[in-house]
Amino acid sequence: MSDFTHGFWPIYISVITVVSIIGTWVFLRSQTTRKLAPGEKPELMEHTWDGDLQDLNNPLPRWWLGLFYGTLVFAAAYLLLWPGLGNFAGVLGWTSSGAYEAEVKAAEARFQPVYAGFMKQDIASVAADPEARAIGRNLFLTYCSQCHGSDATGARGFPNLTDHDWLYGGDPDTIVATLTDGRNGIMPPLGEALGPQGTKEVANHVLSLSGRKHDAALAAAGKVKFAENCAACHMPDGTGMQALGAPNLTDKVWLYGGSEAAIIETITKGRNGVMPAMTQTLGTTSNKEAKLHLLAAYVYGLSQQQ
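Residues numbered from 1 in each chain as written. Predicted model: local features only at pLDDT ≥ 70, side-chain atom pairs only at ≥ 80, totals over all residues. Heavy atoms only, no water.

Caption draft 1: Seen up close, the pattern of salt bridges. This model, assessed by the stated rule, comprises four salt bridges. Here E260 and K200 are joined by a salt bridge, their closest N and O atoms 3.0 Å apart. Note that E260 is positioned in helix α11 (residues 260-269) and K200 in helix α8 (residues 191-209), a separation of 60 residues in sequence. Residue E260 is classed as partly exposed on the basis of its relative accessible area, which comes to 30%. Residue K200 is classed as partly exposed on the basis of its relative accessible area of 31%. Put simply, K225 and E201 hold a salt bridge, and the shortest N to O gap is 2.8 Å. Pair noted here: K225 is in helix α9 (residues 216-229) and E201 is in helix α8, with a separation of 24 residues, a long-range link. (Salt bridge = Lys/Arg side-chain N within 4 Å of Asp/Glu carboxyl O. Helix = DSSP H or I, 4+ residues; strand = E, 2+ residues; numbered from the N terminus. Buried < 20%, exposed > 50% of the residue type's maximum accessible area, 1.4 Å probe, protein only.)

Shown next as structure tokens:
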């Protein structure tokens, strides 16, 4: 990739662009026939087909030529005023980053009073405000929907945010912490330690915890292995530990699938779930704290609607 940042490429692009414009102008000039005098007949080209079908060297319509020359003038003016010739920034000094920053500043100035009003309220109050929910939804669709879905119901490996099941807790302060710093949930692989048979036994015990169909004999054998290898995070009764993000195994909510095969895969290979920190995603705008506040309120409100 560094090859394309070499100083040669701006010069190469500039030369190709200028040569193309000049070449197009030369080609148009070479193909332009002088305007015929009144009564003058156009030149007859070499061939005549089917006895009377002739190819005449008529001049091109002037309006048609004018359009082509106009595009060349437009191209030259554009490249003079705006960037397009390699490193030449254009007389106007326009840049895409400058335009973006100007739009961001204008948006911040517009929404700062609105944000300031919501920052004075707690998250529960903001979550109940229709205007705040609308803003929060736009933020969610921009920054979160790629993983959690536009309806926030999640997908395999990405939590459903509309229910009451929370890996790390669903109170306002915890949601703010999750959004601010992100999460890194690690389930270590236990397949090598347990072996194929032991993994199957533990998987059936996990199935039994939520009342799912399972093999009773395998589950009984897996209970001891679960206590030795899994209870430290998931608790002896399988209810999980929000401090570690260890899921509750006694309900019917499964982040990676609740079939025997999916559970065996999880135990064998482990899981590594990453939630990025929104402080990085939201950038360095002055309204970042307010955006986090509104986004946290929207996420909090999603689970309060049921």
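More follows now that the structure is in view.
Caption draft 2: Representation of the nonpolar core within the structure. Within the largest apolar cluster, 27 residues are counted, with the highest numbers of intra-cluster contacts made by F140, L161, I175, L179, L294 and L295. Elements that contribute at least two residues to this core include exactly α3 (96-119), α4 (123-127), α5 (130-143), α7 (172-181) and α13 (288-304). At ten residues, the largest contribution of residues to this core is made by α13. By size, the runner-up hydrophobic cluster in this structure holds twelve residues, among which are L194, V202, L207 and C230. (Core = buried A, V, L, I, M, F, W, Y, C linked by side-chain atoms within 4.5 Å.)

Caption draft 3: Molecular detail of the packing of aromatic side chains. Scanning the model with the defined rule gives eight aromatic pairs in all. Measuring from ring centre to ring centre gives 5.1 Å for F8 and W9, while their planes differ by 70°; the resulting arrangement is edge-to-face. When the centroid spacing of 5.6 Å and the interplanar angle of 50° are considered together, the rings of F140 and Y298 count as tilted. Pair noted here: F140 is in helix α5 and Y298 is in helix α13, with a separation of 158 residues, a long-range link. The rings of F8, W9 and Y12 are connected pair by pair, giving a single aromatic cluster. R183 extends its terminal NZ or CZ atom over the ring of Y168, reaching a point 4.3 Å from the ring centre. (Phe/Tyr/Trp six-rings, centres within 6.5 Å; stacked < 30°, edge-to-face > 60°. Lys NZ or Arg CZ within 6 Å of the ring centre and 35° of its normal.)

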